[in-house]
Amino acid sequence: MNRHLISAGDLAKDDALLILDTAEELARVSERSIKKLPTLRGRTVVNLFFEDSTRTRISFEAAAKRLSADVINFSAKGSSVSKGESLKDTALTLEAMGADAVVIRHSASGAPYRLATWVHGSVVNAGDGTHEHPTQALLDAFSMRRRLGSLEGRKVTIVGDVLHSRVARSNVLLLHTLGAEVTLVAPPTLLPVSVGAWPCEVSYDLDAVLPKSDAVMMLRVQKERMNAAYFPSEREYSRRYGLDRDRFAKLPDDAIVMHPGPMNRGMEIAAEVADSARSTIVEQVANGVTIRMAVLYLLLGGETA
Ligand code: NCD
């Protein structure tokens, strides 16, 4: 496996399966009353968050701590970044502190690649702009595998604001590697121009795609990244692309509903669908810790789990 995890596209099928299988082993630890392993004792993991985050930051912190690593949490607010310090100088400071792994979330697509040229430790991309979020794709694949079994030939539908979603891009790449068939459904204005080159299908008709889906992943409408009007109104968006009760009924009986969070309840997903027994939304959060443990464990090259 590579020293860094920056793009889901860098993972060969064997790498991806190794991460998922390692996570499966580590999940057993998370079920114990004492959830800690000594594997990364003496190692330092720095969480470098320049953008807001709830679950991803907490999840990486919990993962590193469960493996007994020392964790330093850095958030741009309240740091010298607000005094204008550059990413490079921040990186060199971390380097001086001996970080073995740096987990970075940044609003600029590509920031983790730059960081990887300045630090000696492993760089893990926890979301860079609208580009990628590989550990989210891994935890999504892990959640699907636990509910549906092998992903080979499975039909996954990803719906909504693909244009601003690093989750969508990482999922398309990883799911393709794992043999699943992905269909993106979005208004034309919320699809990137490059989507034709992605290994997936595109549809504008959610009602036609739902009956053929094994999993449907709803994306958050990312208003904070929108600098123009991409759809006429929230109501109109919800009517055409929201997963409400009637649409949910069109899914096959054993299909699952996913969302990376945070949700706009009532917009891309109805509250009763989000809270239904076929929703994996809470499981995805729990699985996030397990997947991040597996990633840190494999990148930092611990011994046996
Ligand atoms: C996503 C993100 O930050 O890219 N959330 C997450 O990591 N759980 C998706 C989003 O913000 O909509």
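None of these values were measured; they are calculated from a predicted model.

Draft legend 1. Expanded view of the pattern of salt bridges. Enumeration according to the criterion identifies 17 salt bridges in this entry. Across the pair Glu51 and Arg225 runs a salt bridge, and its minimum N-O distance is 3.1 Å. In this pair, Glu51 sits in the loop between β1 (44-49) and α2 (55-66) while Arg225 sits in the loop between β8 (215-218) and α8 (234-241), placing the two residues 174 residues apart along the sequence. Neither Glu51 nor Arg225 differs from the other in exposure class; each is buried. When the shortest N-O distance is used, the salt bridge between Lys223 and Glu234 registers 3.4 Å. Of this pair, Lys223 sits in the loop between β8 and α8 while Glu234 sits in helix α8, and the two are eleven residues apart along the sequence. Among the ionic contacts, a cluster of salt bridges with common partners joins Glu51, Arg166 and Arg225.

Draft legend 2. Summary view of the site of the ligand. The environment of the ligand is made up of Arg55, Thr56, Arg105, His133, Gln136, Arg166, Val167, Arg220, Gln222, Pro260, Gly261 and Pro262. Take Gln136: an N or O atom from its side chain is 3.5 Å from a nitrogen atom of the ligand. One of the side-chain nitrogen or oxygen atoms of Arg220 is found 2.7 Å away from an oxygen atom of the ligand. The cavity that encloses the ligand is the largest pocket.

Draft legend 3. Quick peek at helix α1 (residues 13-30). Under the 1.5 Å per step criterion, the end-to-end length of α1 is 25 Å for 18 residues, consistent within 8% with the ideal 26 Å. Where α1 is buried, its residues contact α2, α5 (134-148), α6 (166-177) and α11 (281-299).

Draft legend 4. Local environment of the packing of aromatic side chains. Inspection of every chain in the model, using the stated rule, returns three aromatic pairs. Judged by centre distance (5.8 Å) and plane angle (55 degrees), the rings of Phe50 and Phe74 are tilted. Of this pair, Phe50 sits in the loop between β1 and α2 while Phe74 sits in strand β2 (residues 70-75), placing them 24 residues apart in sequence. Exposure remark for Phe74: the relative accessible area of 19% places this residue in the buried category. Each ring, one from Tyr237 and one from Tyr241, has its centre 5.8 Å from the other, and the planes form 35 degrees; the classification is tilted. In this pair, Tyr237 and Tyr241 both sit in helix α8, four residues apart, roughly one turn of the helix. Each of the two residues, Tyr237 as well as Tyr241, counts as buried. Members of the aromatic cluster, connected to one another through ring pairs, are Phe231, Tyr237 and Tyr241.

Draft legend 5. Fine view of the sheet that holds strand β5 (residues 155-159). Strand order in the open sheet formed by five strands is β7-β6-β5-β8-β9, and the pairing between neighbours is parallel. Edge positions in the sheet fall to β7 (201-203) and β9 (256-258), since each of these pairs with one other strand and no more. In this sheet, neighbouring strand axes are inclined to one another by 20 degrees on average, regardless of whether the strands run parallel or antiparallel. The pairing of β5 with β8 spans four bridges and is parallel. Looking at β8, one finds that Val159 is bridged to Met218.

Draft legend 6. Here's a closer look at the UniProt feature "binding site: carbamoyl phosphate" (unreviewed entry) in the chain. UniProt records the feature "binding site: carbamoyl phosphate" (unreviewed entry) for Arg55, Thr56, Arg105, His133, Gln136, Gly261 and Pro262 in the present numbering. Considering only the annotated residues already named, the ones lining the largest cavity are Arg55 and Gln136. Structurally, the position occupied by Arg55 is in helix α2. Among residues more than four places away in sequence, those in contact with Arg55 are Pro260, Gly261, Pro262 and Val285. Among the residues examined, Pro262 registers a relative accessible area of 41% and is labelled partly exposed. For Pro262, the residues in contact, after removing those within four places along its chain, are Arg55, Arg220 and Glu268.

Draft legend 7. Layout of the environment of Ala64. Position of Ala64 relative to the elements: it lies in helix α2. Since its relative accessible area comes to 0%, Ala64 is described here as buried. Those residues in contact with Ala64 that lie beyond four places of it in its chain are Val45, Ala69, Val71 and Leu296.

Draft legend 8. Just the nonpolar core, in detail. Met144, Ile158, Leu174, Leu184 and Ile291 are the most contacted members of the largest nonpolar core, which has 62 residues in total. Counting residues per element, this core draws most heavily on α11, at eight residues. Counting only domains with at least three residues in this core, you end up with domain 1 (8-132 + 285-300) and domain 2 (134-281). Sequence-distant contacts of Ile291, that is, excluding residues within four places in its chain, are made with Ile19, Leu20, Ala23, Thr135, Leu138, Leu139 and Phe142. Counting residues in hydrophobic clusters, the runner-up holds 25 residues, among them Leu210, Met218, Tyr241 and Ala270.

Reading the values: rules and limits
- Counting of residues starts from 1 at the beginning of each chain's written sequence and follows it residue by residue.
- In view of the model being predicted, local features appear only for residues whose pLDDT reaches at least 70, and side-chain atom pairs are presented and counted only at 80 or more, with totals across whole chains, interfaces and linings using the full set of residues.
- Computation of side-chain values: all heavy atoms of the structure, hydrogens and water removed.
- What counts as a salt bridge is simple: a side-chain nitrogen of Lys or Arg found within 4 Å of a carboxyl oxygen of Asp or Glu.
- Helix and strand labels come from DSSP, where a helix needs a run of H or I of at least four residues and a strand needs a run of E of at least two; each type is numbered from the N terminus.
- The rule is simple: take the accessible area with a 1.4 Å probe, protein chains only, and divide by the maximum for that residue type; under 20% is buried, over 50% is exposed, in between is partly exposed.
- Any residue with a non-hydrogen atom lying within 4 Å of a molecule or strand is treated as near it.
- Counted as a polar contact is a pair of N or O atoms within 3.5 Å, where, for protein atoms, one must be capable of donating a hydrogen and the other of accepting one, and residues adjacent in sequence contribute only when both atoms are in side chains.
- Using a grid of 1 Å spacing that covers the protein atoms alone, one calls a set of points a cavity when a 1.4 Å probe fits there but cannot get out, and a pocket when the set is open and has protein on both sides within 12 Å along at least five of seven lines; lining residues are those with an atom within 4 Å of a point.
- To qualify as sitting in a cavity or pocket, a molecule needs more than half of its atoms within 2 Å of the grid points.
- To estimate how far a helix should reach, multiply one less than its number of residues by 1.5 Å.
- By the convention used here, residues are in contact when the closest approach between their heavy atoms is within 4.5 Å.
- Note on aromatic contacts: the rings of Phe and Tyr and the six-membered ring of Trp form a pair at centre separations within 6.5 Å, being stacked when their planes are under 30 degrees apart, edge-to-face when over 60 apart, and tilted otherwise.
- Strands are treated as partners if at least two bridges between them are detected by DSSP.
- Only the stretch in contact is used when fitting a helix axis, every axis being a line fitted to C-alpha atoms; angles between N-to-C directions are given from 0 to 180 degrees.
- UniProt positions are given in the numbering used here, feature names are shortened, and annotations may be inferred rather than shown by experiment.
- Nonpolar cores were defined as sets of buried Ala, Val, Leu, Ile, Met, Phe, Trp, Tyr and Cys residues, with membership established by side-chain atoms within 4.5 Å.
- As annotated, the domain borders come from an automatic or database domain assignment.

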